[in-house]
Amino acid sequence: MKQFFILIKQALNKEKIFIILAIFGLLVISMHYTYSQSVFSSGYMSYYKDAPLEFFYYIQLTGVNPFVLMILMILLPNLVSYHLLDMHQNQTTYFIETRIGKKKYYLETFICNILFTFITIFIIEVGLLLVIHLFYGKVVFLSQNYPEGYYPLTQTICHNELINLILFLNLTSLGYALLSSVLFSLQVFISHKYIYRCLGVVFAIALIVVPILVMNYFPIKDLSVLFQITPLIAVGVEQVRDNPFGLSNILHYFATFSIYTIISFVLYKILYDWRKYND
């Protein structure tokens, strides 16, 4: 447990704080650009009370504002994973591995990466919501009924908008943490440090576009859609097409989450075995 807190402390150094603040600044800039190009800047905020909350979900749409996803995916490998890769290549991990054991060290670093990513993304998302509340319009929770056929972004998981927001923040943070765990283990294949730092963007684009491109090659087309990462990073917000197999938004999230959990642990096993037998 003591070693685990040491890993957390190492992750939260001055460089990481600067990177997180810089990422948040870029997100605020991209959010303002999206606002200026959308209906929200044309008086929509003033006469529709739910508009500020709706705008928070609106900026998560990758088709409308891809910057949020791209910027956050740049952040993920630079939180903990890059630190491990750098230490491994500089052979500074051997002292720790000798003292506490390679298996324990890698497992604790893997878990640290997940927890640190979850906390960081959660704080960033809450920060964006707070910026909207302070500078764009007061965030309120009306939980009103909408006409049939209208898809309210503020009620993608449940009717109660406060509960919906709490679930969205936690599930989105957990989704990014899971993707971060996959990126963590990909360092076994991508050993170039500077390429690895940018891997998140390529990874995100591939896992949004490729499942759609190969859909026709699957015997069950809906199966390929489950590999898209959009439910993990914006549960229920993306509604370009119907959910696969007629799943609800929350079930679609957990189906995709289960797939990437398996992928994450398989890749972690490959990483650990490779470092165990080849270091």
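Our subject is the structure listed above.
Residues numbered from 1 in each chain as written. Predicted model: local features only at pLDDT ≥ 70, side-chain atom pairs only at ≥ 80, totals over all residues. Heavy atoms only, no water.

A.B. asks: I would appreciate a short explanation of the overall build of the chain in the present structure.
C.D. replies: A count of helices and strands for the chain gives 14 helices and zero strands. Order of helices (α) and strands (β) in the chain, N terminus to C terminus: α-α-α-α-α-α-α-α-α-α-α-α-α-α. Whereas a compact globule of 279 residues would reach a radius of gyration of roughly 19 Å, the chain reaches 20 Å, a difference of no more than 12%. Considered along the principal axes of its C-alpha atoms, the chain spans approximately 65 × 50 × 30 Å. By residue count, 51% of the 279 residues in the chain fall in the buried class. Considering only residue pairs separated by 6 or more positions, the chain has 73% of its internal contacts joining residues 24 or more positions apart. (Helix = DSSP H or I, 4+ residues; strand = E, 2+ residues; numbered from the N terminus. Rg over C-alpha atoms; globule rule 2.2 N^0.38 Å. Buried < 20%, exposed > 50% of the residue type's maximum accessible area, 1.4 Å probe, protein only. Contact = heavy atoms within 4.5 Å.)

A.B. asks: I'm lost on the packing of aromatic side chains in this one. Help?
C.D. replies: Centre distance and the angle of the planes are the two values used to describe a pair of aromatic rings. Across all of its chains, the model carries 21 aromatic pairs by this definition. Taking the centre distance of 6.3 Å and the plane angle of 65° together, the rings of Tyr 106 and Tyr 272 count as edge-to-face. Residue Tyr 106 is located in helix H8 (residues 102-135), and its partner Tyr 272 is located in helix H14 (residues 249-278); the two are separated by 166 residues in the primary sequence. Each of the two residues, Tyr 106 as well as Tyr 272, counts as buried. Taken together, the ring pairs in this structure connect Tyr 35, Phe 40, Tyr 44, Tyr 47, Tyr 48, Phe 55, Tyr 58 and Tyr 136 into an aromatic cluster. Over the ring of Tyr 82 we find Arg 197; its NZ or CZ atom is 3.8 Å from the centre of that ring. (Phe/Tyr/Trp six-rings, centres within 6.5 Å; stacked < 30°, edge-to-face > 60°. Lys NZ or Arg CZ within 6 Å of the ring centre and 35° of its normal.)

A.B. asks: Mind showing me how you'd approach the pattern of salt bridges here?
C.D. replies: Pairs may arise between side chains of opposite charge once their charged atoms sit close together. Counted by the stated rule, this structure contains three salt bridges. Linking Asp 86 and Lys 193 is a salt bridge whose minimum nitrogen-to-oxygen distance equals 2.9 Å. Residue Asp 86 is located in helix H6 (residues 81-89), and its partner Lys 193 is located in helix H10 (residues 193-197); the two are separated by 107 residues in the primary sequence. No difference in accessibility class separates Asp 86 from Lys 193, as the two residues are buried. (Salt bridge = Lys/Arg side-chain N within 4 Å of Asp/Glu carboxyl O.)

A.B. asks: How should I be thinking about the layout of surface pockets in this particular structure?
C.D. replies: Any space left empty among the atoms is revealed by the rolling of a water-sized probe across them. By volume, the second largest pocket amounts to about 180 Å³. Taken together, 11 residues form the lining of the second largest pocket, with Ile 20, Leu 21, Thr 120, Ile 123 and Ile 124 sitting closest to its centre. Here the lining of the second largest pocket takes six residues from H8, the largest share from any one element. Classifying every residue of the lining of the second largest pocket gives nine nonpolar, two polar and no charged. (1 Å grid on protein atoms, 1.4 Å probe; cavity = no way out; pocket = protein on both sides within 12 Å on 5 of 7 lines; lining within 4 Å. Points joined across faces, edges and corners; volume = space filled by probe spheres on them. Nonpolar A, V, L, I, M, F, W, Y, C, P; charged D, E, K, R; others polar.)

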